[in-house]
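Listed below are the residues making up each chain.
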Amino acid sequence: MQKILIIEDEPGIADNLIYALKTEQFDVQWDRLAEEGFKKLTDWSPDLLILDVGLPDTNGFELCKRIRKISQVPIIFLTARTEEVDRIVGLEIGGDDYVTKPFSPREVVARVKVILRRSSGASNTVNVEEHGFVVEEEKARISYEGKILELTRYEYLLLKTLLSQPERVFSRAQLMDRVWTEPTGSFERSVDTHIKTLRSKLRDVDENLNPIKTHRGLGYSCTLG
Ligand code: CA
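Everything quoted here is computed from the prediction, not taken from an experiment.

Draft legend 1. Quick look at the coordination of the calcium ion. Coordination of the calcium ion by the protein comes from D9 (OD), D52 (OD) and G54 (O), over a distance range of 2.2 to 2.3 Å. In primary-sequence terms, the residues that donate to the calcium ion follow D-x42-D-x1-G. In this pair, D9 is assigned in the loop between strand 1 (3–7) and helix 1 (11–23) and D52 in strand 3 (residues 48–52), connecting sequence segments 43 residues apart. On the basis of relative accessible area, D9 is assigned to the partly exposed category, the value being 24%. We classify D52 as buried; its relative accessible area is 3%.

Structure below.
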């Protein structure tokens, strides 16, 4: 059974979602507050998160940014105001989809299924270790074919993020969100600069190793095999 965590402070909305998801055989848990939900994310490791933007203790966007530093769990935002959609899409908070209230629970369930299919497909088709990469999070290092890459903190975090979802195109803003803990001035250029040094270090261990692709106007992806 796939596990869905709902973080939503309105019991009526949560109840409808829980009912619709359970009908479709999902294992569902629900929290009203961001803090409780964040804790459950690590304790229970859901397959997908449904996250309300307007929560009593913190904003869903802020919570999403915190989550993205530790997890790539798919996130569907619930938003009451259409103007927030611009933030979700425009600011590239790191969510995967959004639904505006009022919505039909069936619509949410349909989106949950699409996203889970997409994310399980991605992780099944590409195993980074089959392609020579080993990410050791506890040692904060990445090796290729047994050779440890000498990476700075930002280069390590960039490569780890790209390898977490091979083929996925990350925009510079998304990479920024996941990698940089302090704001910097011209962030797009700092992403580009670190990608450049990262590429040259990858070539140092193997001259044909060039997995990071540039997608003009969109961002970067890691393409293996
Ligand atoms: Ca709310």
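Draft legend 2. Representation of the packing of helix 2 (residues 34–44) against helix 3 (residues 60–70). Where helix 2 meets helix 3, the axes come as close as 11 Å, and the angle between the chain directions of the two elements is 15°. With respect to their mutual orientation, helix 2 and helix 3 come out roughly parallel. When you trace helix 2 past helix 3, the crossing you get is right-handed. Contact residues: A34, E35, F38, L41 and T42 in helix 2; L63, R66, I67 and I70 in helix 3.

Draft legend 3. A look at the sheet that holds strand 8 (residues 147–148). On the basis of which strands lie adjacent, the open sheet formed by 3 strands has the order 6-7-8 and antiparallel pairing. Each edge of the open sheet is held by one strand with a lone partner, namely strand 6 (133–136) and strand 8. Of the pairings in the sheet, the one linking strand 6 to strand 7 (residues 141–144) comprises 4 bridges and is antiparallel in character. By the bridge assignment, V134 is partnered in strand 7 with S143. Relative to the sheet, helix 6 (residues 153–164) contacts strand 6 and strand 7, its axis offset from that of strand 6 by approximately 115°.

Draft legend 4. Region of interest: the nonpolar core. The biggest cluster of nonpolar side chains holds 27 residues, and the ones touching the most others in it are F133, L159, L162, L163, L202 and I212. Put simply, the parts of the chain that give this core at least two residues each are strand 7, helix 6, helix 7 (172–179), helix 8 (187–205) and strand 10 (219–222). At 7 residues, the largest contribution of residues to this core is made by helix 6. Listed in part, the 20 residues of the second largest apolar core include I13, F26, I115 and L116.

Draft legend 5. The sheet that holds strand 3, seen in detail. Judged by pairing direction, the sheet is parallel, and its 5 strands sit side by side in the order 2-1-3-4-5 without closing on themselves. Each edge of the sheet is formed by a strand with only one pairing partner; in this case those strands are strand 2 (27–31) and strand 5 (97–100). Each neighbouring strand pair of the sheet contributes to a mean axis angle of 20°, computed without reference to strand direction. Relative to strand 5, strand 4 (residues 75–79) is paired through 4 bridges, and the arrangement is parallel.

Rules used in this analysis
Residues numbered from 1 in each chain as written. Predicted model: local features only at pLDDT ≥ 70, side-chain atom pairs only at ≥ 80, totals over all residues. Heavy atoms only, no water. Donors = N, O, S within 2.8 Å, 3.2 Å for Na, K, Ca; no water. Helix = DSSP H or I, 4+ residues; strand = E, 2+ residues; numbered from the N terminus. Buried < 20%, exposed > 50% of the residue type's maximum accessible area, 1.4 Å probe, protein only. Axes fitted to C-alpha atoms, helices over the stretch in contact; angles between N-to-C directions. Parallel < 35°, antiparallel > 145°, perpendicular 65-115°, else oblique. Left-handed = near helix turned anticlockwise from the far one by under 90°. Contact = heavy atoms within 4.5 Å. Pairing = 2+ DSSP bridges. Core = buried A, V, L, I, M, F, W, Y, C linked by side-chain atoms within 4.5 Å.

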